[in-house]
Structure formats: C-alpha cells, structure tokens
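Coordinates in review
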Amino acid sequence: QVQLVESGGGLVQPGGSLRLSCAASGRTFSRDTMAWFRQAPGEEREFVARIVWTGGRTYYADYVDSVKGRFTISRDNAKNTVYLQMNSLKPEDTAVYYCAAGPRGVRGQLSYDYWGQGTQVTVSS
C-alpha cells in the first residue's frame, strides 16, 4: 500500500522558517515527480513546487512565482522522502500543505497519482 505522510507543519511568525517532510512508503519514488501543493481556507488547491527526475541522478526544481527565492524543494531517495524548506514566511503562505507523487507530474493536480493527508502551516504574529 502506497502512502505519503507529511510532517513539519505548525505555527510560525512572519519571517520565520519551517521545513516540511513527506515520507513515502509502499514503493520507490526515485523516478517520480514529487510535488507540494497548498490549499488556503476558501481557496482552491494550488501548485507550490515540484522536483522532477531528468535521468541518472539529476533532478530539476520548479516553483510557483510567489515562493521563488524563499522555498526550496529537495529529496533524499535513500529515505524515500521529499522536503520543502520554507524561509521568509508570509501570512499569505498560511495553508494546508499536501505532498503528491506521480510518474509524469506537472503543475496540474490531475497528473499526480498519490497524495498525503496534508499538514497545516500557519504564519501569524
């Protein structure tokens, strides 16, 4: 049974940092695209970042404009885990953050086969 389990969310002040983790189990995801999405109250779920396998041991990262320069996505294939380092957090980053995985994931939600249950991130003073 494939599972994605997020952790690392919480309450942080504006300007602070958090690191989210997504631990995958059930199979190896080293060649899959791993992504983070988020959903704020009353809003649709939106793409945040993805890390894409490009062959061998190389990957590239893709970010929505609103988080470029502040968020970094990375992965540790030995641990079957993807991370989202979030710096310089803003109140508008407040949302439930979801991890997703898919063999050909792009920015659209429908391109992902597996989803985690989400972790709450709240940025507030």
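Look a little higher up for the structure.
Structural notes, computed from the coordinates.

Definitions and limits used
- Residues numbered from 1 in each chain as written.
- Predicted model: local features only at pLDDT ≥ 70, side-chain atom pairs only at ≥ 80, totals over all residues.
- Heavy atoms only, no water.
- Disulfide = S-S within 2.5 Å.
- Helix = DSSP H or I, 4+ residues; strand = E, 2+ residues; numbered from the N terminus.
- Buried < 20%, exposed > 50% of the residue type's maximum accessible area, 1.4 Å probe, protein only.
- Polar contact = N/O pair within 3.5 Å; in protein donor to acceptor, adjacent residues only side chain to side chain.
- Contact = heavy atoms within 4.5 Å.
- Pairing = 2+ DSSP bridges.
- Axes fitted to C-alpha atoms, helices over the stretch in contact; angles between N-to-C directions.

1. Structural notes on the state of the cysteines
Working definition: the covalent bond between the sulfur atoms of two cysteines is a disulfide. Summed over all chains, the structure comprises 1 disulfide. A sulfur-sulfur separation of 2.1 Å characterises the disulfide bridge that pairs C22 with C99. Around the S-S axis, the bridge from C22 to C99 shows a dihedral of about -75 degrees and counts as left-handed. A residue pair is termed long-range when its members are at least 10 positions apart, and C22 in strand β3 (residues 18-25) and C99 in strand β9 (residues 95-102) qualify at 77 residues. A residue is classified by how much of its surface remains accessible, and C99, at 0% relative accessible area, is buried.

2. Notes on the side chain of T119
For T119, the position within the fold is in strand β11 (residues 119-123). Of the residues examined, T119 reaches a relative accessible area of 11% and is grouped as buried. Within the structure, the side chain of T119 is placed 3.3 Å from the backbone nitrogen of G9, a separation counted as a polar contact. Beyond its immediate sequence surroundings of up to four residues, T119 is in contact with E6, S7, G8, G9, L20, A95, V96 and Y97.

3. Some points on the pairing of β9
Two faces make up the sheet, and in a regular strand the side chains alternate between them. Among the 8 residues in β9, 7 count as buried, and that is most of the element. Both strand β4 (residues 33-39) and β9 contribute to a ladder of 7 bridges, which runs antiparallel. Directly across from R38, in β9, lies its bridge partner Y97. The pairing of β9 with β11 spans 3 bridges and is antiparallel. Paired with A95 across the strands is V121, a residue of β11. Both β9 and strand β10 (residues 114-115) contribute to a ladder of 2 bridges, which runs antiparallel. Residue pairing for β10: A100 is matched across the bridge by W115.

4. Considerations on the sheet that holds strand β8 (residues 81-86)
Reading across from one edge, β1-β3-β8-β7 is the order of the 4 strands in this open sheet, with antiparallel pairing throughout. Only two strands of the sheet have a single neighbouring strand rather than two, namely β1 (3-7) and β7 (71-76). With direction set aside, neighbouring strand axes in the sheet form an average angle of 15 degrees. Examined bridge by bridge, β7 and β8 share 6 bridges and lie antiparallel to one another. The residue of β8 that forms the bridge with I73 is L84.

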